[in-house]
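One-letter residues, chain by chain:
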Amino acid sequence: MPHNCRILTYAMAAGAVAAAGFVFPPGATAAAPRSATSDFNGDGYADLAVGVPDGTVGGQAKAGYVNVVWGGPKGVGAHGSIRVTQATPEVPGTPEAGDRFGASVALVDLNGDGIAELLVGVPGEDVTDRGTDAGMVIAIGGSTDGPGPGATVLTGPSPSAAYGTSVAAAELTGGDNKEIVIGGRDKVVARVIQGEDSMITTVVAAPMGGRAPVLATGDFDSDGRDDLAVAYWTVGSPNTQSHVRLWKWDADRSEMANFWNTDNTGVTALAAGDFDGDGHDDLALGECREIADENIDDPCGPEELAKGGGIHLHYGSPASGPFGVRTQTLNQDTAGVPGVAEDGDRFGAALAVADVNRDGRDDLIVGAPGEAIGSEAGAGAAWLLSGSAQGLLDADGTATSVSWNQDTPGVPGVAEAGDTFGAAVASGDFNADGVPDVTVGSPGENGSLGAAWLFRGGSADGSAAFSPRTLGLPNLSTAQKYGKPLSSR
């Protein structure tokens, strides 16, 4: 049944989330250092949020849930988890068929108190006076005692607005609290904090082909504040629109301002990181392909490197000129990248960033859920591409990388057709040893029940798998597609 939803309001810039009704107790003393921004239970370890929008809740198909998997000395998967749904006390709403709670997730410390909040997109939510599938985004407070109070951040304004298809958060205005960015059908909006108040501003409204807009954040203009990257594309419409665009907060006009574009570009994933270690954020475009086919500027680099899915990088190096002037492009035919580029691999369909080897340069984690392993079509694979002084490619155009799949020695499981290993990737220091770990989702595993893998320190040695079955989650006979999306840092 449709229902009215509370709107999250900010009473003041400092302590904004607490003002909305969240209660955060003082951080618990933990043996591990408190450095994780995705620490939901305040124990000093990064946690992992797994969105399960296809999950059944209370007999309602695709009502959806989020599984927060606890970090600890053995990483994620070995220390239990909690299941958060709209039946969880103080989480707004009621589980209903098709809500798709968990279609997007972000586990992020919104107010800098050391404990993360959980942002959850619910694009199938029906909202009273706004219509079917208006959608919503919910914020749920973390605490040392489990999930804290939740509140509605924003609901879609009309039927089929599908707010919550994507979600992100960053300090866009330079304040003490992070702004929340929400993607819906053909629209991206941001809830921006201004002094003691907040406002909703439209970032972009344009045809997006029915796909979720892709969001990423980073300081792309090197002004010390986060910016927003948005990607969207259409095909077959009268006015094809395919863009990757960067937006920043314009304080004078109190709105988000567009300051950089690359057009005719369709991407599936975006990721921000400093891959060349020069102190300036770069932007990786995953599964990049030219949409309009106007052959004007090769927006994804050499066309042959789009085969099987290409990754196109724009570097933020002021010494080389404005953002994005210096570029690199790679795929599985690039020297140093294991594998062979084949149609349907979907190399770059999922991206995440971490400095796994701790050399001061970010590395890129890449998923290719369509990769065939032997004769097993769509078994999927993932790569770890190392940063260098020149970026992800050295001066000779060669990458340094490793690849994993379920047939890799030391990796649990067996590569099977349709596993889609690599459909989602994430990073976080889950055991607080100072070395980032990697997680890889495989929503097609076990007849689409789904699973996820932990690569401690970015290594196949000692890797482990966890799934709804090993975590004791319910409804094990349904296709939950566990493992996409993933969120941690």
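Refer to the structure printed above.
Residues numbered from 1 in each chain as written. Predicted model: local features only at pLDDT ≥ 70, side-chain atom pairs only at ≥ 80, totals over all residues. Heavy atoms only, no water.

Engineer: Which residues make up the overall build of the protein, and what values go with them?
Structural biologist: Of regular secondary structure, the protein possesses two helices and 29 strands. Its C-alpha radius of gyration of 21 Å places the protein within 12% of the 23 Å reference for a compact globule of 489 residues. Its C-alpha atoms put the protein at 55 × 50 × 45 Å along the principal axes. Put simply, the protein has 489 residues, and 58% of those count as buried. The contacts of the protein with a sequence gap of at least 6 include a subset with a gap of at least 24, amounting to 55%. Of the roughly 17,300 Å² that the protein leaves accessible, carbon and sulfur atoms contribute 48%. Computed over 27 positive and 63 negative side-chain charges, the inter-centroid distance for the protein is 5 Å. (Helix = DSSP H or I, 4+ residues; strand = E, 2+ residues; numbered from the N terminus. Rg over C-alpha atoms; globule rule 2.2 N^0.38 Å. Buried < 20%, exposed > 50% of the residue type's maximum accessible area, 1.4 Å probe, protein only. Contact = heavy atoms within 4.5 Å. Areas by Shrake-Rupley, 256 points an atom, 1.4 Å probe, with all protein chains shown as cover. Lys, Arg positive; Asp, Glu negative; His and termini not counted. Charge placed at Lys NZ, Arg CZ, Asp CG, Glu CD.)

Engineer: Describe the sheet that holds strand 1 (residues 48-52), and please don't skip the residues or the numbers.
Structural biologist: Read from one edge of the open sheet, four strands run 3-2-1-29, paired in antiparallel fashion. If you trace the sheet from one side to the other, it starts and ends with strand 3 (81-84) and strand 29 (486-487), each paired once. Two elements, strand 1 and strand 2 (residues 65-69), share five bridges in a ladder whose sense is antiparallel. Residue pairing across strands places alanine 49 opposite valine 68, the latter belonging to strand 2. (Pairing = 2+ DSSP bridges.)

Engineer: Can you explain the side chain of histidine 314? Please cite residues and give values.
Structural biologist: You can see histidine 314 is positioned in strand 19 (residues 310-314). With a relative accessible area of 6%, histidine 314 lands in the buried category. Of note is the side chain of histidine 314, whose polar atom sits 3.1 Å from the backbone oxygen of glycine 324. Apart from residues no more than four positions distant in its own chain, histidine 314 is found in contact with Trp260, Thr262, Asp282, Leu283, Leu285, Phe323, Gly324, Arg326 and Thr327. (Polar contact = N/O pair within 3.5 Å; in protein donor to acceptor, adjacent residues only side chain to side chain.)

Engineer: Requested: an account of the pairing of strand 17 (residues 269-273), with residues and values cited.
Structural biologist: Consecutive residues of a regular strand have side chains that alternate between opposite faces of the sheet. The buried fraction of strand 17 is high, at five of five residues. Of the two faces of strand 17, both are covered, the one formed by Ala269, Ala271 and Gly273 as well as the one formed by Leu270 and Ala272. Taken together, the five bridges between strand 17 and strand 18 (residues 282-290) define a ladder with antiparallel strand orientation. Among the inter-strand pairings, leucine 270 is bridged to a residue of strand 18, identified as leucine 285.

Engineer: Mind laying out the state of the cysteines, listing which residues take part and the relevant values?
Structural biologist: Throughout the structure, instances matching the rule amount to one disulfide. There is a disulfide in this structure between cysteine 288 and cysteine 300, and the S-S distance comes to 2.0 Å. Between cysteine 288 and cysteine 300 the disulfide shows an S-S torsion of about -70°. By sign, it is left-handed. On the criterion of sequence distance, the pair formed by cysteine 288 in strand 18 and cysteine 300 in the loop between strand 18 and strand 19 is long-range, its members being twelve residues apart. Of the residues examined, cysteine 300 reaches a relative accessible area of 7% and is grouped as buried. (Disulfide = S-S within 2.5 Å.)

Engineer: Any chance you could break down the environment of leucine 476 for me, citing the residues and the numbers?
Structural biologist: The topology assignment puts leucine 476 in the loop between strand 28 (464-466) and strand 29. Expressed as a C-alpha distance, the spacing of leucine 476 and valine 435, which sit 41 residues apart in the sequence, is 33 Å.

Engineer: Go over the pattern of salt bridges with me, naming the residues and quoting the values.
Structural biologist: Applying the stated criterion to the full structure yields ten salt bridges. The residue lysine 481 makes a salt bridge to aspartate 54 at a minimum N-O spacing of 3.8 Å. In this pair, lysine 481 sits in the loop between strand 28 and strand 29 while aspartate 54 sits in the loop between strand 1 and strand 2, placing the two residues 427 residues apart along the sequence. With relative accessibility at 39%, the residue lysine 481 sits in the partly exposed group. We note a salt bridge from aspartate 223 to arginine 225, for which the minimum N-O separation is 3.9 Å. According to the relative accessible area criterion, aspartate 223 is partly exposed, its value standing at 35%. A single salt-bridge network, built from bridges that share partners, covers Asp221, Asp223, Arg225 and Lys248. (Salt bridge = Lys/Arg side-chain N within 4 Å of Asp/Glu carboxyl O.)

Engineer: Can you lay out a negative patch on the surface for me, pointing to particular residues and giving the numbers?
Structural biologist: A surface patch of negative charge is lined by Asp263, Asp297, Asp298, Glu303 and Glu304. Structurally, glutamate 303 can be placed in the loop between strand 18 and strand 19. (Patch = residues over 30% accessible without salt bridge, like charges linked within 9 Å, V, L, I, M, F, W, Y side chains within 5 Å.)

Engineer: Describe the sheet that holds strand 14 (residues 242-250), and please don't skip the residues or the numbers.
Structural biologist: With antiparallel pairing, four strands are arranged side by side in an open sheet as 12-13-14-15. Because the sheet does not close on itself, it has two edges, and the strands there are strand 12 (214-218) and strand 15 (255-263). For this sheet the average axis-to-axis angle between neighbouring strands, irrespective of direction, equals 25°. Sheet analysis places strand 12 next to strand 13 (residues 227-233), joined by five bridges and oriented antiparallel. The residue bridging alanine 216 from the neighbouring strand is alanine 229, located in strand 13. (Axes fitted to C-alpha atoms, helices over the stretch in contact; angles between N-to-C directions.)

Engineer: Any details on the packing of aromatic side chains? Residues and values, ideally.
Structural biologist: One pass over the full model with this rule turns up seven aromatic pairs. Between tryptophan 260 and phenylalanine 323, the aromatic rings sit 5.1 Å apart at their centres with planes inclined by 85°, giving edge-to-face as the arrangement. Of this pair, tryptophan 260 sits in strand 15 while phenylalanine 323 sits in the loop between strand 19 and strand 20 (327-330); the two residues are 63 residues apart in sequence, bridging distant segments of the chain. Tryptophan 260 sits in the buried class, given a relative accessible area of 15%. Residue classification places phenylalanine 323 among the buried positions, given a relative accessible area of 12%. Plain terms: the ring middles of phenylalanine 347 and tryptophan 383 are 5.0 Å apart, the flat faces sit at 85° to each other, and that makes the pair edge-to-face. Taken together, the positions of phenylalanine 347 in the loop between strand 20 and strand 21 (350-354) and tryptophan 383 in strand 23 (residues 381-385) put the pair 36 residues apart, joining distant regions of the chain. For the pair shown, phenylalanine 347 and tryptophan 383 are each scored as buried. Of the aromatic side chains, those joined through ring pairs into one cluster are Trp404, Phe421, Trp453 and Phe455. Note that arginine 326 overlies the ring of tyrosine 315, its terminal NZ or CZ placed 3.9 Å from the centroid. (Phe/Tyr/Trp six-rings, centres within 6.5 Å; stacked < 30°, edge-to-face > 60°. Lys NZ or Arg CZ within 6 Å of the ring centre and 35° of its normal.)

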